[in-house]
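# Structure at a glance
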Amino acid sequence: MAVARVKRVRILSHHDILEDVVASLQALGCCEIIRSEESDGITRERSSPPSESTGSGTGSRGLPRLETDLSDSRFILRFLEPLFKEEGGMLERLLGPKPPVTISELNSMMEKTDLQGMAADARSLERRISEMRSEISQLSNHIQLLKPFKDLDLPMWIVSRGTEKLRGVMGTLPSSKSCSLKDSFLDIIEGQGDIYIAPYSEKEQETMAVLVFQRSLEQQVMESASLSGFSRVDCPQGIEDTPQEEIQRMTSLRETLYGSINKAESESLTMAAEWVPSVRKIYDLLVVVAARHDAGSSGESSEKVSSLDLWVPSDKIRELESSLKPYSTLLDVNIDDPRPGENPPIILDNPGWASPFSPLTKLYGMPSYDGIDPTVVMAPFFFLFFGMCLGDGGYGLVMGAFFLFALVRYRLSGDTRNFFMLLLLGSVSSILVGAVTGSWLGDMIDVFGVFEPIRALKNSVVMIRPMNDPITFLAISLALGVVQILFGILIAMWDAFRKGDIAGALGDQGGWLALIVGILVWGASSFGIGGNGVLFAGKALSAIGAITLVATQGRDKPGVIRKALSGILSLYNITSYLGDVLSYSRLLALGLATSAIAMIVNTLTGLVSGIPYVGWMLAILIFFGGHLFSVVVNVLGAFIHSLRLQYVEFFSKFYSGGGRIFTPLKFETRYTRITGNGIEETVN
Amino acid sequence: MDQLGIMLAVLGAALAAGFAGSGSAIGVGIAGESGAGIMTEDPGKFGLVLLLQALPGTQGIYGLLTAFFAILKVGLLGGDAVSVNVWQGLGVLFACLPIAIAGYYSGIAQGKTSAACIQMIAKRPEETGKAVILPAMVETYAVLALLMSIILLNSIQF
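Keep in mind the model is a prediction, meaning the values are calculated, not measured. (Residues numbered from 1 in each chain as written. Chains lettered and ligands numbered in written order. Predicted model: local features only at pLDDT ≥ 70, side-chain atom pairs only at ≥ 80, totals over all residues. Heavy atoms only, no water.)

## Notes on the domain arrangement of chain A
- Looking at chain A, the domain boundaries give domain 1 (6-112 + 266-336), domain 2 (154-241) and domain 3 (355-653).
- Distance between the C-alpha centres of domain 2 of chain A and domain 3 of chain A: 77 Å. (Domains from an automatic or database assignment.)

This is the structure in structure tokens:
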């Protein structure tokens, strides 16, 4: 139940060494920068540290240059990364170990690479491809437009440009009106012009037409044509010859363009293969340097000195001091406790066995600095509940093997590792529950003859069969619920005591504890457990609890009547406790669902295996496909529902998040792992 | 009349699988539409979207499960033939109703919640954990209905 203590550290450093100090802090990776705006609210000029005074290569790179480099490398990666063939596949890159490099290696690589040139090349290539694409789509549109007129023997410049006297117009019209258009048009032009209506089939509602007429008649023609539903379509400029010729010309042009696009795309593929690996590394370097710049300018600075404010975990202070030793002549370090009212960042400090569960706490929200870390108290419950919800030994084995393989194969670290460990633990729990309930891929061992020899072994450890006796298992589930909820109330009570709120501890939590335990004892004795003494104890305890609640729950309200009313009304909350307990019935339901789905798969396998010739094949398909589906669905369900029991039923009793996660200044790299102290050894 | 009992049980199984399955289908459909919208912007979210889209799919499985239990109970899936009278058949039918009804409506409601959560991870992919929990709140009631259906089926005596 621990939130790690942190210290507030202020470093005053001469500008000459500021870069190197920040670099060492980054390599240390355990200091969170406090932005001066948020820490004391003093408005000040945001000054970047003078860059010309530092000696290192990346450091002397000005901030504007850094930003263009960043955006260049970002662009190259965005454009080329999708075309890059990952070595060993996507999974390897996402989960596999990152190649180790040092800052100096990256720097010399950066020096050798013409990032701006590469970005310019990539940009022009991308532009070329997109221009060609849009040209192709324009050509396709034009071809589509001219297609209806492919039999028209009229040069299209009459429509697109016209002459001084002649005018051509293209447009669409409802096919049913084509005759009326033709008649009215011929009436108006009196032989001085022509009309062409594209052939159409009976199904087509709409067709196209070209009208050629004298300019002087334009208004008249257009008016009468619009009465027939004619609607004009602009003929694009540059279309001169007959539709047939134009279509041919444009089709061949389009083919050429396709060819060039193919060429450009294969060019970009080679580009990707050549550039992506190095640009990735450079990108990492740039991100690291940008973070440094940002950190260096976070504090206040005077002519010669800059300040850096940091949060540092107490147990890392010694490391910090030793890493700053080389600069001790030019800087001053001041270590303090957090000021009252401050909101330090949160680091979860849990024993090794509970750390796989810490991602679950982070998922909900970090505790506050002087709050309780729920990870340790939640861990055993989550472990057990996950096992009960999945509840099958076979699935546990499959899942465990999968996550064990991933853990060993990819040597994960950080929260990914924690999460995989969590699921591995879940699979262990599931194997245990499966053994106790006799569920191994459902009823596989009982229905398939091959498993005859191990049937006795399986049955020897079975203690309960939820399929045959769901009520007992339901009772166990609900009992676990009662235990967890009472435990949650106890934690809240302890927390209130710790904070000195005795009235709250006794009134709120004490009252409910007494009432719930009292009712349980009362209920147990009415089922015949214990004698009259137990019954009396139960009744008395409930009464004490209820009276406490009535007396205390209205203590914030003014006036006796409102106090009493709130007190009595608070008893209604018993329904929410009832609901919470019933919610644990999902442990039974999900466990049953797993066994039953597995049983369905096994039954179907048995049914199809009787089919002659292909039966064995279908049986194999259904068995493996079905169980694979089942394990995925059930693991997902088990995880979500056991998590929900923690978040909704358990956490609500004592825990509220609200903390801010600790985000130290470190090497935030995506593609590489930076080793060494982060300061350049070589002089460029 | 001696077949009526069995047929009532079959009706129950059909309702459980059919309605819960329909609810899931609608729910998964709603979530899928939302997911497709997100993926036009960012195809890389496929994994997360698929996870959220799959959540309203459990009602269909619960329905199938109950249907399976029901026909197993009346001996339609091999095993010894059971004689089922009308009252027992009616009992099986009624026992199937909780998951049929709650499965249908909760599947749809969960689909809507999933769709909203898919929108949420489009903007805040780091909050996937919370996005997965919200649809699971809806599913609680399908789980409770499944529980009731199974307990009821279990309690019918032959």
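## Concerning the packing of aromatic side chains
All names here are of chain A.
- Taken as a whole and judged by the stated rule, the model has 29 aromatic pairs over all chains.
- Note on Tyr647 and Phe651: the rings are 5.6 Å apart at their centroids and 35° apart in plane angle, and the pair reads as tilted. Taken together, the residues Tyr647 and Phe651, both in helix H25 (residues 615-654) and 4 residues apart, mark about one turn of the helix.
- Here the aromatic rings of Phe651 and Tyr655 are separated by 5.0 Å at their centres, their planes lie at 65°, and the arrangement is edge-to-face.
- For Phe651, a relative accessible area of 0% corresponds to the buried category.
- Pairwise contacts between aromatic rings join Tyr364, Phe381, Phe385, Phe487, Tyr584, Tyr647, Phe650, Phe651, Phe654 and Tyr655 into one cluster.
- The side chain of Arg8 reaches across the aromatic face of Trp311, ending 5.5 Å from its centre.
- The residue whose ring lies beneath Arg123 is Phe75, and the NZ or CZ to ring-centre distance is 4.6 Å. (Phe/Tyr/Trp six-rings, centres within 6.5 Å; stacked < 30°, edge-to-face > 60°. Helix = DSSP H or I, 4+ residues; strand = E, 2+ residues; numbered from the N terminus. Buried < 20%, exposed > 50% of the residue type's maximum accessible area, 1.4 Å probe, protein only. Lys NZ or Arg CZ within 6 Å of the ring centre and 35° of its normal.)

## A word on helix H9 (residues 178-189) of chain A
Residues and elements named next belong to chain A.
- Given a rise of 1.5 Å per residue, 12 residues ought to cover 16 Å, and the 17 Å separating the end C-alpha atoms of H9 matches this to within 8%.
- Residues Ser178, Leu181, Phe185, Ile188 and Ile189 constitute the buried set of H9. The buried side chains of H9 occupy one side of the element, clustering within an arc of 95° when seen end-on. For H9, the exposed residues lying more than 90 degrees away from the buried face are Cys179 and Asp187.
- Residues of H9 that are buried in the fold lie against strand S4 (166-174), strand S5 (193-197), strand S6 (206-214) and helix H10 (218-227).
- At the C-terminal side of H9, Glu190 shows a positive phi close to 50°. (Expected span 1.5 Å × (residues − 1). Arc of directions from axis to C-beta. Contact = heavy atoms within 4.5 Å.)

## Thoughts on the interface of chain B and chain A
- Contact with chain B, which involves 25 residues of that partner, is made by 30 residues of chain A.
- With both sides pooled, the region where chain B packs onto chain A buries about 2,300 Å², and carbon together with sulfur makes up 84% of that total.
- Sorting the residues of chain B by area buried against chain A places Phe68(B), Ile133(B) and Leu147(B) first, and these three jointly supply 21% of that buried surface.
- If you look at where chain B meets chain A, you find 0 salt bridges.
- Applying the counting criterion to the chain B and chain A interface returns 3 residue pairs in polar contact (both at pLDDT 80 or more).
- The set of elements that each furnish at least two residues to the side of chain B that touches chain A consists of helix H3 (58-73) and helix H5 (128-155) of chain B.
- Residue composition of the side of chain B that touches chain A, grouped by class: 20 nonpolar, 3 polar and 2 charged. (Buried area = accessible area lost by both parts, 1.4 Å probe. Salt bridge = Lys/Arg side-chain N within 4 Å of Asp/Glu carboxyl O. Polar contact = N/O pair within 3.5 Å; in protein donor to acceptor, adjacent residues only side chain to side chain. Nonpolar A, V, L, I, M, F, W, Y, C, P; charged D, E, K, R; others polar.)

## Focus on the sheet that holds strand S2 (residues 32-33) of chain A
All names here are of chain A.
- With respect to topology, 4 strands assemble into an open sheet ordered S2-S8-S1-S9, the strand pairing being antiparallel. At either margin of the open sheet sits one strand with a lone partner, and together these are S2 and strand S9 (331-336).
- Bridge analysis of strand S1 (residues 6-14) against S9 gives 6 bridges, and the strand direction is antiparallel. Note that in S9 the partner of Val9 across the bridge is Ile335.
- Strands S1, strand S8 (305-313) and S9 of the sheet are contacted by helix H12 (residues 317-324), whose axis makes an angle of about 10° with S1. (Pairing = 2+ DSSP bridges. Axes fitted to C-alpha atoms, helices over the stretch in contact; angles between N-to-C directions.)

## Focus: the sheet that holds S5(A)
All names here are of chain A.
- Ordered in space as S5-S6-S4-S7, the 4 strands form an open sheet in which the pairing is antiparallel. Bordering the open sheet on either side are S5 and strand S7 (231-233), each of which pairs with just one other strand. Taking the axes of each pair of neighbouring strands and ignoring which way they run, one obtains an average angle of 30° across the sheet.
- In the sheet, S5 pairs with S6 via 5 bridges, with the strands oriented antiparallel. Following the sheet pairing, Asp194 is matched in S6 by Val212.

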